[in-house]
Every structure is written in structure tokens, then in C-alpha cells.
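# Architecture at a glance
So you can see what is in the structure, the chains are spelled out below.
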Amino acid sequence: MIHPSYSDLMAVVNEDVEPGEQPVVQSRYSIVLATAKRARQIIAGDEPLIEAEEGKKPLSIAVEELYEGKIKIVGDDE
């Protein structure tokens, strides 16, 4: 099981959404796409936005960045 869970990640991404507005992320698929894209950026040479221990995999770094609010998922209209 991954930590944090998908539901935890979705809560973090959607925490700035006003009541009554459409959530930015509505499915696990959006979380997977966003973290995979960020992991590819890290593999391509982008610096991690968090303190990552030696040997930590790019996907784990991307998930942690999302969970800590260092990266944002924007909606289609933004």
C-alpha cells in the first residue's frame, strides 16, 4: 500500500476549492497522471522540490511533492 493514500492526495489537491465549486481532482487517474508527469520531469533532470534521501525513486519524490503542496494540479480551465 502506498503512503499517502489516493484519498489523502485528493484531499490535499482539493483543499483550496471553495464549497460548491467543482473539485480539481475527481479521480485516482488524475493523481496517477500528475505524479507520473512530475516523475518524468525529475528523471529528465529537474531538481526535486523536497529534501529527498539518496536512492529514493522519482515517483516517490513526486508523490511526496504533491502531498506537501510543492506542486499543484490545475484544472482544464486554468
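Here, every reference points to the structure presented above.
Bear in mind the structure is a predicted one, so any value in this text is a computation, not a measurement.

The subject of this paragraph is the environment of I42. Mapped onto the secondary structure, I42 falls in helix α2 (residues 28-43). A sequence separation of 39 residues divides I42 from H3, and the C-alpha atoms of the two residues are 20 Å apart. Contacts of I42, omitting those with residues within four sequence positions, involve P58, I61, A62 and E65.

Here we come to the nonpolar core. It is characteristic of soluble globular proteins that their nonpolar side chains tend to be buried jointly. One finds L9, M10, V13, V25, I31, V63, L66, I71 and I73 forming the largest nonpolar core, which totals nine residues. Residue assignment for this core shows that the elements contributing at least two residues are α1 (6-13) and α3 (58-67). Broken down by element, this core gets its largest block of residues, three residues, from α1.

Relative to each other, α1 and α3 sit at 45°, their axes nearing to 9 Å. Between α1 and α3, the crossing angle belongs to the class labelled oblique. Here D8, L9, V12 and V13 of α1 lie close against α3, whose contacting residues are V63, L66 and Y67. Tallied by class, the residues present in the contact of α1 with α3 amount to six nonpolar, no polar and one charged.

About the thresholds
- Residues numbered from 1 in each chain as written.
- Predicted model: local features only at pLDDT ≥ 70, side-chain atom pairs only at ≥ 80, totals over all residues.
- Heavy atoms only, no water.
- Helix = DSSP H or I, 4+ residues; strand = E, 2+ residues; numbered from the N terminus.
- Contact = heavy atoms within 4.5 Å.
- Core = buried A, V, L, I, M, F, W, Y, C linked by side-chain atoms within 4.5 Å.
- Buried < 20%, exposed > 50% of the residue type's maximum accessible area, 1.4 Å probe, protein only.
- Axes fitted to C-alpha atoms, helices over the stretch in contact; angles between N-to-C directions.
- Parallel < 35°, antiparallel > 145°, perpendicular 65-115°, else oblique.
- Nonpolar A, V, L, I, M, F, W, Y, C, P; charged D, E, K, R; others polar.

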